[in-house]
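Letter by letter, the chains look like this.
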Amino acid sequence: QVQLVESGGGLVQAGGSLRLSCATSARTFSSRAMGWFRQVPGKEREFVAVIDRIGGRTVNADSNKGRFTISRDNAENTVYLQMNSLKPEDTAVYYCAAQKPLMPLSRMVGAYDTWGQGTQVTVSS
């Protein structure tokens, strides 16, 4: 069973920073683009950022451009989300996801077929 395991969530004050990590098996990681999404109760899951297989290209949601950075360490089979200048509206459960093989980088939930369990990020005002 392929697993994605997120960590690094928590409570932070507005303006602060957090770094989320997502670890997975090598078989999954090396062949897939990896993305981060977030979700708040009662709303649809929302795209945050995606990175290609080798880490050469990234796409961010407009809401976090200039504040969030996605990166990956292929030697450690881990993808990261560095979140700076956090705002209360960034509060959500954050999910790591593996994109389906051979697809262009996507913002769509349906383009991803493997998901982590989520990690809570709470930003206080």
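Structural data are supplied above this passage.
Considerations on the state of the cysteines
- With the rule as written, the count across this model stands at 1 disulfide.
- Covalently, Cys-22 is tied to Cys-96 through a disulfide, its sulfur atoms 2.0 Å apart. Disulfide Cys-22-Cys-96: torsion about the S-S bond near -75°, hence left-handed. One end of the pair, Cys-22, is in strand 3 (residues 18-24); the other, Cys-96, is in strand 9 (residues 92-99), with 74 residues separating them in the sequence.

Considering the packing of aromatic side chains
- Applying the stated criterion across every chain yields a total of 4 aromatic pairs.
- Taking 5.8 Å as the distance between ring centres and 75° as the angle between the ring planes, the aromatic pair formed by Phe-37 and Phe-47 counts as edge-to-face. Of this pair, Phe-37 sits in strand 4 (residues 34-39) while Phe-47 sits in strand 5 (residues 46-51), and the two are 10 residues apart along the sequence.
- Looking at Phe-37, the relative accessible area reads 0%, which means it is buried.
- The exposure class of Phe-47 is buried, given its relative accessible area of 8%.
- Pairwise contacts between aromatic rings join Phe-37, Phe-47, Tyr-112 and Trp-115 into one cluster.
- Here Arg-45 stacks its cationic end above the ring of Tyr-95, 3.7 Å away from the centre of that ring.
- Against the face of Trp-115 rests Arg-45, its NZ or CZ located 4.8 Å from the ring centre.

Considerations on the pattern of salt bridges
- A full pass over the atoms with the stated rule returns 5 salt bridges.
- A salt bridge links Glu-46 to Arg-38; its shortest N-O distance comes to 2.8 Å.
- A salt bridge links Asp-90 to Arg-67; its shortest N-O distance comes to 2.8 Å. Of this pair, Asp-90 sits in the loop between strand 8 (78-83) and strand 9 while Arg-67 sits in the loop between strand 6 (58-60) and strand 7 (68-73), placing them 23 residues apart in sequence. Across the pair, Arg-67 and Asp-90 agree in class, each one buried.
- Connected via shared salt-bridge partners are Arg-38, Glu-46, Arg-67 and Asp-90.

Rules used in this analysis
- Residues numbered from 1 in each chain as written.
- Predicted model: local features only at pLDDT ≥ 70, side-chain atom pairs only at ≥ 80, totals over all residues.
- Heavy atoms only, no water.
- Disulfide = S-S within 2.5 Å.
- Helix = DSSP H or I, 4+ residues; strand = E, 2+ residues; numbered from the N terminus.
- Phe/Tyr/Trp six-rings, centres within 6.5 Å; stacked < 30°, edge-to-face > 60°.
- Buried < 20%, exposed > 50% of the residue type's maximum accessible area, 1.4 Å probe, protein only.
- Lys NZ or Arg CZ within 6 Å of the ring centre and 35° of its normal.
- Salt bridge = Lys/Arg side-chain N within 4 Å of Asp/Glu carboxyl O.

So far we have only geometry, and geometry alone does not tell us how the molecule works.
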